[in-house]
Amino acid sequence: MKLLLAILNHDDAHTVIKKLTEAGFPVTKLATTGGFLQAGNVTVLLGLEDEKVRDALEVIEKFSNSRRQIIPTTSEMGLGFYSAMPVEVTVGGATVFVLNVESYQKY
């Protein structure tokens, strides 16, 4: 058995969770906040049999989209003057961990 932990961009989470549920995967949803840009994320947990992991990963990959975003940064220009310099970064997509489950109990 495996525990799949996926950190999803807030913009993609609803669709990913809907598609996972439609595919028969029970999903537990946790609201989380990312460290980078302090952006809203959703973390989902799925307990799966080993042979179902690839199917779940395919759903997550298909419906998690990365996107480019311009964010302002500042740098000192001397004499205490700071200039905003926009930087383009990639955000979104999904970060997924697949962990071995040593024991599973349902009460």
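What counts as what
- The residue numbers shown here count from 1 along each chain, following its written sequence.
- Only residues with pLDDT of 70 or above have their local features reported here, since the model is predicted, and side-chain atom pairs are shown and tallied only from 80 upward, although totals for entire chains, interfaces and linings are computed over all residues.
- Here the side-chain values reflect all heavy atoms present in the structure, with hydrogen atoms and water set aside.
- For two strands to be treated as a pair, DSSP must find no fewer than two bridges joining them.
- In DSSP terms, a helix is any run of H or I states spanning at least four residues, a strand is any run of E spanning at least two, and both are numbered starting from the N terminus.
- Axis angles are defined between N-to-C directions and span 0 to 180 degrees, where every axis is a line fitted to C-alpha atoms and, for a helix, only to the segment in contact.
- Any residue under 20% of the maximum accessible area for its type is buried, any over 50% is exposed, and the rest in between are partly exposed; the area is computed with a 1.4 Å probe on protein chains only.
- To be clear, the arc concerns the directions from the helix axis to the C-beta atoms.
- The contact criterion used is simple: two residues touch if any of their non-hydrogen atoms lie within 4.5 Å.
- Summary of the metric used: pLDDT quantifies the predictor's per-residue confidence within the range 0 to 100.
- Here, a salt bridge means any side-chain nitrogen of Lys or Arg that lies within 4 Å of a carboxyl oxygen of Asp or Glu.
- Whenever a nitrogen or oxygen atom comes within 3.5 Å of another N or O atom, the pair is scored as a polar contact, on the condition that within protein one atom can donate a hydrogen and the other can accept it, and that pairs from neighbouring residues in sequence are kept only if both atoms are in side chains.
- Roughly parallel refers to an angle under 35 degrees, roughly antiparallel to one over 145, roughly perpendicular to one between 65 and 115, and oblique to any angle outside these ranges.
- Note: crossing handedness is left-handed where the near helix turns anticlockwise from the far helix by less than a right angle, and right-handed where it turns clockwise.
- Each residue gets one label: Ala, Val, Leu, Ile, Met, Phe, Trp, Tyr, Cys and Pro are nonpolar, Asp, Glu, Lys and Arg are charged, and the others, such as Gly, are polar.

Participant: Can you walk me through the sheet that holds strand 3 (residues 40-48) in this structure?
Facilitator: Hydrogen bonding along the main chain pairs the strands of a sheet, whether they run parallel or antiparallel. The strand order across the open sheet built from 4 strands is 2-3-1-6, with neighbouring strands paired in antiparallel fashion. Two strands bound the open sheet, and with one partner strand each, they are strand 2 (28-33) and strand 6 (94-100). Adjacent strand axes in the sheet meet at a mean angle of 20 degrees when their direction is disregarded. The pairing of strand 1 (residues 2-9) with strand 3 spans 8 bridges and is antiparallel. If you follow Leu-5 over to strand 3, its bridge partner there is Leu-45.

Participant: Whenever I open this one, helix 2 (residues 53-63) confuses me. Can you help?
Facilitator: Residues three or four positions apart in an α-helix share a direction because the helix packs 3.6 residues into each turn. Residues Val-53, Ala-56, Val-59 and Ile-60 constitute the buried set of helix 2. Along helix 2, the residues classed as buried sweep out an arc of 130 degrees about the axis, all on the same side. Exposed residues on helix 2 whose side chains face more than 90 degrees from its buried face are Glu-61 and Lys-62. If you follow the buried residues of helix 2, they end up packed against strand 1, helix 1 (10-22), strand 3 and strand 6.

Participant: Looking at this structure, how should I read the pairing of strand 3?
Facilitator: Two elements, strand 2 and strand 3, share 6 bridges in a ladder whose sense is antiparallel. Directly across from Thr-32, in strand 3, lies its bridge partner Asn-41.

Participant: I'm lost on the confidence of the model for the chain in this one. Help?
Facilitator: Low-pLDDT portions of the prediction should not be read for the details of their coordinates. Chain-level statistics for the chain give a pLDDT mean of 84 and a share of 80% at 70 or above. For the chain, the element scoring lowest by mean pLDDT is strand 4 (residues 66-76), at 68; helix 2 scores highest, at 96.

Participant: Got a minute to help me understand the pattern of salt bridges in this structure?
Facilitator: Under the counting rule described, the total for this entry stands at 3 salt bridges. In this structure, Glu-58 engages Arg-54 in a salt bridge whose closest nitrogen and oxygen atoms are separated by 3.7 Å. Note that Glu-58 and Arg-54 are positioned in helix 2 at a spacing of 4 residues, about one turn of the helix. According to the relative accessible area criterion, Glu-58 is partly exposed, its value standing at 43%. A relative accessible area of 44% means that Arg-54 is categorised as partly exposed.

Participant: Can you walk me through the side chain of Asp-12 in this structure?
Facilitator: Counting through the fold element by element, Asp-12 comes out in helix 1. By relative accessible area, which is 5% here, Asp-12 ends up buried. From its side chain, Asp-12 meets the backbone nitrogen of Asn-65 in a polar contact 3.0 Å long. In this structure, Asp-12 is in contact with Phe-63, Ser-64, Asn-65, Arg-67 and Gly-93, ignoring residues within four places of it in sequence.

Participant: Would you mind showing me how to read the packing of helix 1 against helix 2 here?
Facilitator: In contact at an axis separation of 9 Å, helix 1 and helix 2 are set at 150 degrees when each is read in the N-to-C sense. If you check the angle between helix 1 and helix 2, you find them roughly antiparallel. Helix 2 is crossed by helix 1, and the crossing has right-handed handedness. Here helix 1 contributes Asp-12, Thr-15, Val-16, Lys-19 and Leu-20 to the contact with helix 2, which in turn contributes Ala-56, Val-59, Ile-60 and Phe-63. The residue makeup of the contact of helix 1 with helix 2, split by class, is 6 nonpolar, 1 polar and 2 charged.

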